[in-house]
Amino acid sequence: MVWVSSRWKIALMLAPALVLFTAFFVYPVGYAIAYSFTDSAGFGAAKFVGLDNYVALKDDPFFWQSLRNTVVILVVSLVILVPASFALALLLRRRIKGGGGLRALVFGPAIIAPILVGLIWVFILDPKIGLLNRFLEPLGIGPIQWIGGDTLTPYSVSLVFIWSSIGFAMTIFYAGLQLLPGDVMEASQLDGASPWQQLRYVTIPMMQETFAIVAVLMITNVFKIFELVYMLTGGGPVHRSETLVSYMYFVTFTNQRYGSGMAIAVVIFVLGALTSLAYLAMARRRSLA
């Protein structure tokens, strides 16, 4: 009887979370998957078309362009953001005057709405009115097409994303560093380990889970980038600066091809999940090696 009653208590405590999870995640995802197999235009009856929407993506150059841009942003962000935020956490962990203020300053961009972040950086990166080209002009450099061009746009979006996210990632690393057992660090010092050896052989191995959490959060956030692109370039010119989410928005709500838009949404969901799982598997294999 005690076991039965405990089981029911657990079920009752989990029920609200399960209901909310089903209503706001499982149902919308299932609804999007179902719509991806139709020719829905947002009005009228939707006709089942099977895999036609997915097959059409194979021949859609704008979809592949948005996928390339998203991959570039993902790679650049992971390569720069994760080590940079960890280095900041290490730096701000030290007892320095004004350390709390510096942490708040670094974290500041993370609390700014992405749409405002994009607006701020438009005035910096815009090829015509941007401050960056104005500063470079006396040096005989430019004007450079930082946004809206064929080459630099995804890198510029990566820079803006890193600027807006580094404080959040730094905070997670900072919290992880605070939880490291002090006796282990003291033992390594007594054994004669240098600060670099402590970092390489003690701190980083003990923070593998924190690295994994930060990386997965950044991966999922990259696959959700919309407002930055919308404000910086609007996806133009001719969809050259689209990300997967911004292109999905265009297809779904501008062209009113809901079935095709939901197919892109499903692809984004699958790619984000697979990339996160692949990173977690790689991190686990490295920790067991």
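This is a predicted model, so every value here is computed, not measured.

Caption draft 1: Representation of the overall build of the protein in the model. Within the protein, the secondary structure is distributed over 13 helices and zero strands. With the principal axes as the frame, the protein shows a C-alpha extent of 80 × 70 × 35 Å. Per-residue burial over the protein gives 38% buried out of 289 residues. The long-range share in the protein, meaning contacts at least 24 apart out of those at least 6 apart in sequence, stands at 65%. Each charge class in the protein was averaged separately, 19 positive and 13 negative side chains, and the resulting centres sit 7 Å apart.

Caption draft 2: Molecular detail of unusual backbone geometry. Phi is positive for histidine 239, close to 65°, though the residue is something other than glycine. As for its placement among the helices and strands, histidine 239 is situated in the loop between helix H11 (227-232) and helix H12 (244-254). The phi torsion at glutamine 256 lies on the positive side, around 55°, for a residue other than glycine. Following the sequence through the fold, glutamine 256 ends up in the loop between H12 and helix H13 (258-288).

Caption draft 3: Representation of the nonpolar core in the model. Phe173, Ile225 and Ile264 are the most contacted members of the largest nonpolar core, which has 58 residues in total. Those elements that provide at least two residues to this core are helix H3 (61-93), helix H5 (114-125), helix H7 (153-178), helix H10 (208-222), H11, H12 and H13. No other element matches H7, which puts eleven residues into this core. Residue contacts for phenylalanine 173: discarding those within four places in its chain leaves Val82, Ser85, Phe86, Ala89, Met207, Thr210, Phe211 and Val214.

Caption draft 4: Structural view of the environment of methionine 218. One can find methionine 218 in helix H10. According to the relative accessible area criterion, methionine 218 is buried, its value standing at 2%. Here the alpha-carbon distance between methionine 218 and serine 276, two residues 58 residues apart in the chain, equals 9.5 Å. Not counting residues up to four positions away in its chain, the partners in contact with methionine 218 are Leu78, Leu81, Phe161, Ser165 and Phe168.

Caption draft 5: Spatial organisation of the UniProt feature "transmembrane region" (unreviewed entry) in the protein. According to UniProt, the positions carrying the feature "transmembrane region" (unreviewed entry) are residues 12-34, 71-92, 104-124, 155-177, 210-232 and 258-281. End C-alpha atoms of residues 71-92 are separated by 31 Å, and the span's content is 100% helix alongside 0% strand.

Caption draft 6: Representation of the side chain of threonine 243. Counting through the fold element by element, threonine 243 comes out in the loop between H11 and H12. Engagement of the side chain of threonine 243 in a polar contact is seen with the backbone oxygen of isoleucine 225, the distance being 3.1 Å. Not counting residues within four places of it along the chain, the set of residues in contact with threonine 243 comprises Ser66, Thr70, Ile73, Ile225 and Val229.

Caption draft 7: Quick peek at the confidence of the model for the protein. Taken over all residues, the pLDDT of the protein has a mean of 88, while the share at 70 or more is 97%. Within the protein, helix H2 (residues 52-58) carries the highest mean pLDDT (94), whereas helix H8 (residues 182-190) carries the lowest (79).

Caption draft 8: Quick look at the packing of aromatic side chains. Per the stated rule, a full pass over the model turns up 16 aromatic pairs. Plain terms: the ring middles of phenylalanine 21 and phenylalanine 25 are 5.0 Å apart, the flat faces sit at 25° to each other, and that makes the pair stacked. Residue phenylalanine 21 and its partner phenylalanine 25 are both found in helix H1 (residues 2-35); the two are separated by four residues, about one turn of the helix. Centre to centre, the rings of phenylalanine 86 and phenylalanine 173 are 5.3 Å apart; their planes meet at 65°, and the pair counts as edge-to-face. On the criterion of sequence distance, the pair formed by phenylalanine 86 in helix H3 and phenylalanine 173 in helix H7 is long-range, its members being 87 residues apart. Comparing phenylalanine 86 with phenylalanine 173 shows no difference in burial state: the two are buried. By way of ring pairs, the aromatic residues Phe226, Tyr230, Tyr249, Phe253 and Tyr258 are connected into one cluster.

Caption draft 9: Structural detail: the environment of leucine 177. Within the secondary structure, leucine 177 sits in helix H7. Separated by 30 residues in sequence, leucine 177 and methionine 207 have C-alpha atoms that sit 7.8 Å apart. If we ignore the near neighbours within four places in the chain, the residues touching leucine 177 are Phe86, Ala89, Leu90, Arg93, Thr203 and Met207.

Caption draft 10: Region of the structure containing the side chain of aspartate 126. If you trace the backbone, aspartate 126 turns up in the loop between H5 and helix H6 (131-136). For the buried residue aspartate 126, which engages in no salt bridge, the nearest side chain bearing the opposite charge is lysine 128, 7.0 Å off. A distance of 2.9 Å separates a polar atom in the side chain of aspartate 126 from the backbone nitrogen of lysine 128. Leave out the neighbours within four places in its chain, and aspartate 126 touches Trp121, Asn133 and Ile147.

Caption draft 11: Up close: the packing of H5 against H7. With their axes 11 Å apart at the nearest point, H5 and H7 run at an angle of 130° to one another. Regarding the angle of H5 to H7, the classification is oblique. Along this stretch, H5 crosses H7, giving a crossing that reads as right-handed. Contacts from Val117, Trp121 and Leu125 in H5 reach Ser156, Leu159, Val160, Trp163 and Ser164 in H7. The residue makeup of the contact of H5 with H7, split by class, is six nonpolar, two polar and no charged.

Procedures and definitions
What you see as residue numbers is a count from 1 along each chain, following the sequence as written. Local features in this predicted model are restricted to residues of pLDDT 70 or higher, and side-chain atom pairs are both shown and tallied only at a pLDDT of 80 or more, whereas totals for entire chains, interfaces and linings draw on every residue. Excluded from the side-chain calculation are hydrogens and water; included are all heavy atoms of the structure. The numbering of helices and of strands both runs from the N terminus, where a helix is a DSSP run of H or I of at least 4 residues and a strand a run of E of at least 2. Burial classes follow relative accessibility: with a 1.4 Å probe on protein chains only, a residue under 20% of its type's maximum area counts as buried, one over 50% as exposed, and anything between as partly exposed. For this analysis, residues touch if any pair of their heavy atoms sits within 4.5 Å. For the purpose of counting charges, residues Lys and Arg are taken to be positive, whereas Asp and Glu are taken to be negative. His and the chain ends are not included. Every charge is mapped to an atom, namely NZ of Lys, CZ of Arg, CG of Asp or CD of Glu. Remark: nonpolar core denotes a set of buried residues (Ala, Val, Leu, Ile, Met, Phe, Trp, Tyr, Cys) joined through side-chain atoms within 4.5 Å. UniProt positions are given in the numbering used here, feature names are shortened, and annotations may be inferred rather than shown by experiment. Each polar contact in these results corresponds to two N or O atoms within 3.5 Å; when the atoms are within protein, one needs to be able to donate a hydrogen and the other to accept it, and residues that are neighboring in sequence are counted only if both atoms are side-chain atoms. pLDDT expresses how confident the predictor is about each individual residue, on a scale running from 0 to 100. Planes of paired rings set the category: under 30 degrees apart is stacked, over 60 is edge-to-face and the rest tilted, where pairs are Phe, Tyr or Trp rings (Trp by its six-membered ring) whose centres lie within 6.5 Å. Put simply, a salt bridge is a Lys or Arg side-chain nitrogen that is within 4 Å of an Asp or Glu carboxyl oxygen. All axes here are fitted lines through C-alpha atoms, helices being fitted over the stretch that makes contact, and every angle between N-to-C directions spans 0 to 180 degrees. Each angle receives one of four descriptions, namely roughly parallel if under 35 degrees, roughly antiparallel if over 145, roughly perpendicular if within 65 to 115, and oblique otherwise. Should the near helix be turned counterclockwise from the far one by less than a right angle, the crossing is left-handed, whereas a clockwise turn marks it as right-handed. Here the term charged refers only to Asp, Glu, Lys and Arg, the term nonpolar to Ala, Val, Leu, Ile, Met, Phe, Trp, Tyr, Cys and Pro, and the term polar to all other amino acids, Gly among them.

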